[in-house]
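Residue-level listing of the chains:
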Amino acid sequence: MIEKTNDTKRVVITGGAGFIGSHLARRLVEDGHIVTVIDNLITGDLENIADLIDLPTFEFLEQDINSISKISGKVDYIFHLASIASPKEYLRYPLQTAVVGSIGTLKILDIAKEKRARFLLASTSEIYGDPKVHPQREDYWGNVNPIGPRAVYDESKRFSETVTITYHRLNLVDVRIARIFNTYGPNMRKKDGRAIPNFIFQALTNEPLTIHGSGKQTRSFCFVSDMIEGLIKLMQSNYSNPVNLGNPNEVSILELAKKVIKLSNSRSQITFTDPMIDDPKVRKPDISLARKILQWEPKISLEDGLRQTIAHFSRTLVKKKVR
Ligand code: UDP
């Protein structure tokens, strides 16, 4: 954990109005740090940081990191989370996704260099593509289709890792690389398009849950509070090579859909739609490295995390009805 009070840091979070970024911002402010969020709000949402915006230790800059050249004042840490992260959204904004993962990352690395700030890259399990090694360890190079529809995300994140580790090798920036596996929780957008928010909103409105393909494909879902703990621990570590962060509890998408229906007491049915192109068939992190170097592992079970997320989303639905 970043120590409280007498070790106050100035922390910049790119993408800090998004899902993971907003939880990270809140936690760092609570821990006594001074936090600047930079976000162009393409998929971020001011509502996610509404409770922080007026605090003296919090600052929000609405800006596209692709055109950023300066941040004023000293900066100790940069968490570089800015990216479109949902397959539905990166298919909708393919060029923006490719550009933020390449040019955007270079821009922020240059700022980290100028500020002598430690830089943490939010990379992704997508860099493993449709994996031929299971579970995925950090030394697996992946299986990515470079011209498939997901490539705008996968390849730009792979490029992000390449330039990040190169800045490290050239002694230009002190870096950390988190390979973030599927993460869920409050503050995901209703229209995000990923499995958990889709299924929960479908279940809460008694609409059919839409499974792409057979539902036999697997994922391993990490609750957001566990992810935040892992990201902070990684930033505080002295390890510069990539580290998997995720929950190794693997479920099929069909099992997930059934769980969501049950936990929401829903009358929804399940419907099967066309499979997504290049959809990874399996995904599960090997987190031995994170356990060893960070003494970190997820604590929240899928059931508990889903319960919290369902409760949060039902409050959102009630609020929307009242308005
Ligand atoms: N998925 C699904 N129905 C949905 C959304 C997603 O069946 O409404 C599937 C998707 O095809 C994938 C898995 O759920 O196999 C996880 O998808 P998600 O978009 O959450 O994240 P990904 O792991 O693909 O980045």
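All values reported here derive from a predicted model rather than from experimental measurement.

Spanning 19 residues, helix H4 (residues 151–169) covers 26 Å between terminal C-alpha atoms, matching the ideal 27 Å at 1.5 Å per step. At its buried positions, H4 is contacted by helix H2 (87–92), helix H3 (94–115), strand S5 (118–124), strand S6 (175–180) and strand S11 (242–245). One or two residues past the end of H4 sits Asn-171, with phi positive at roughly 60°.

With that settled, the discussion passes to unusual backbone geometry. Note that the residue after His-134, namely Pro-135, is joined by a cis bond; omega there is -10°. With respect to the helices and strands, Pro-135 occurs in the loop between S5 and H4. A positive phi angle, near 85°, is found at Asn-187, a position not held by glycine. With respect to the helices, strands and loops of the structure, Asn-187 is situated in the loop between strand S7 (183–184) and helix H5 (195–204). Relative accessible area serves as the criterion here: at 15%, Asn-187 is assigned to the buried category. Backbone geometry at Asn-265 places phi at a positive 50°, although glycine is not the residue there.

Bringing the packing of aromatic side chains into the picture now. In this description, an aromatic ring pair is defined by two values, namely the gap between the centres and the angle between the planes. Under the counting rule described, the total for this entry stands at 6 aromatic pairs. Ring plane angle 40° and centroid distance 6.0 Å describe the contact between Tyr-128 and Phe-181, whose orientation is recorded as tilted. Here Phe-181 lies in the loop between S6 and S7 and Tyr-128 lies in the loop between S5 and H4, a separation of 53 residues in the sequence. An identical accessibility class is assigned to Tyr-128 and Phe-181; each is buried. For the ring pair Tyr-184 and Phe-223, a centre distance of 5.5 Å and an interplane angle of 65° mean the geometry is edge-to-face. Highlighted residues: Tyr-184 in strand S7 and Phe-223 in strand S10 (residues 222–223), separated in sequence by 39 residues. A single burial state applies to Tyr-184 and to Phe-223, both of which are buried. Taken together, Tyr-128, Tyr-140 and Phe-181 form an aromatic cluster joined through their ring pairs.

The parallel open sheet is built from 7 strands, whose spatial order is S3-S2-S1-S4-S5-S6-S11. The strands lining the two open edges of the sheet, one partner per strand, are strand S3 (58–62) and S11. Taken over all neighbouring pairs, the strand axes of this sheet differ in orientation by 20° on average, direction set aside. When strand S2 (residues 34–39) meets S3, the two strands line up parallel, connected through 5 bridges. Its bridge partner lying in S3, Val-35 is registered against Phe-58. Taken strand by strand, H3 contacts strand S1 (10–14), strand S4 (77–80) and S5, and its axis lies near 175° from that of S4. Docked against the sheet, helix H6 (residues 224–236) engages S4, S5, S6 and S11, running at close to 155° with respect to S6.

The next subject is the site of the ligand. Near the ligand you find 18 residues, and of these Ala-195, Thr-210, His-212, Arg-219 and Asp-279 are the closest. At a separation of 2.8 Å, an oxygen atom of the ligand approaches a polar backbone atom of Ala-195. Between the ligand and Arg-283, the relevant distance is 2.8 Å, taken from an oxygen atom to a side-chain nitrogen or oxygen of the residue. Residue assignment for the shell around the ligand shows that the elements contributing at least two residues are H5 and strand S8 (209–212). For the shell around the ligand, the per-class residue count stands at 6 nonpolar, 6 polar and 6 charged.

Membership of the largest hydrophobic core comes to 59 residues, with the highest contact counts inside it found for Ile-13, Phe-58, Phe-79, Leu-231, Leu-245 and Leu-256. It is H6 that provides the largest number of residues to this core, a total of 7 residues. Core analysis: the next-biggest nonpolar cluster, separate from the first, contains 22 residues, Val-12, Phe-119, Val-173 and Val-175 among them.

Mapping Phe-201 onto the fold places it in helix H5. For Phe-201, a relative accessible area of 7% gives the class buried.

What follows covers the packing of helix H1 (residues 19–30) against H6. Put simply, H1 and H6 touch, their axes get as near as 10 Å, and they point 65° apart. For the element pair H1 / H6, the angle class is roughly perpendicular. Crossing of H1 against H6: the hand is right-handed. Counted together, Phe-19, Ile-20, His-23, Leu-24, Arg-27 and Leu-28 of H1 and Val-224, Met-227, Ile-228, Glu-229, Leu-231 and Ile-232 of H6 form the full contact between these two elements. For the contact of H1 with H6, the residue count by class is 9 nonpolar, 1 polar and 2 charged.

So, how was this worked out
- Residues numbered from 1 in each chain as written.
- Predicted model: local features only at pLDDT ≥ 70, side-chain atom pairs only at ≥ 80, totals over all residues.
- Heavy atoms only, no water.
- Helix = DSSP H or I, 4+ residues; strand = E, 2+ residues; numbered from the N terminus.
- Expected span 1.5 Å × (residues − 1).
- Contact = heavy atoms within 4.5 Å.
- Buried < 20%, exposed > 50% of the residue type's maximum accessible area, 1.4 Å probe, protein only.
- Phe/Tyr/Trp six-rings, centres within 6.5 Å; stacked < 30°, edge-to-face > 60°.
- Pairing = 2+ DSSP bridges.
- Axes fitted to C-alpha atoms, helices over the stretch in contact; angles between N-to-C directions.
- Near = heavy atom within 4 Å.
- Polar contact = N/O pair within 3.5 Å; in protein donor to acceptor, adjacent residues only side chain to side chain.
- Nonpolar A, V, L, I, M, F, W, Y, C, P; charged D, E, K, R; others polar.
- Core = buried A, V, L, I, M, F, W, Y, C linked by side-chain atoms within 4.5 Å.
- Parallel < 35°, antiparallel > 145°, perpendicular 65-115°, else oblique.
- Left-handed = near helix turned anticlockwise from the far one by under 90°.

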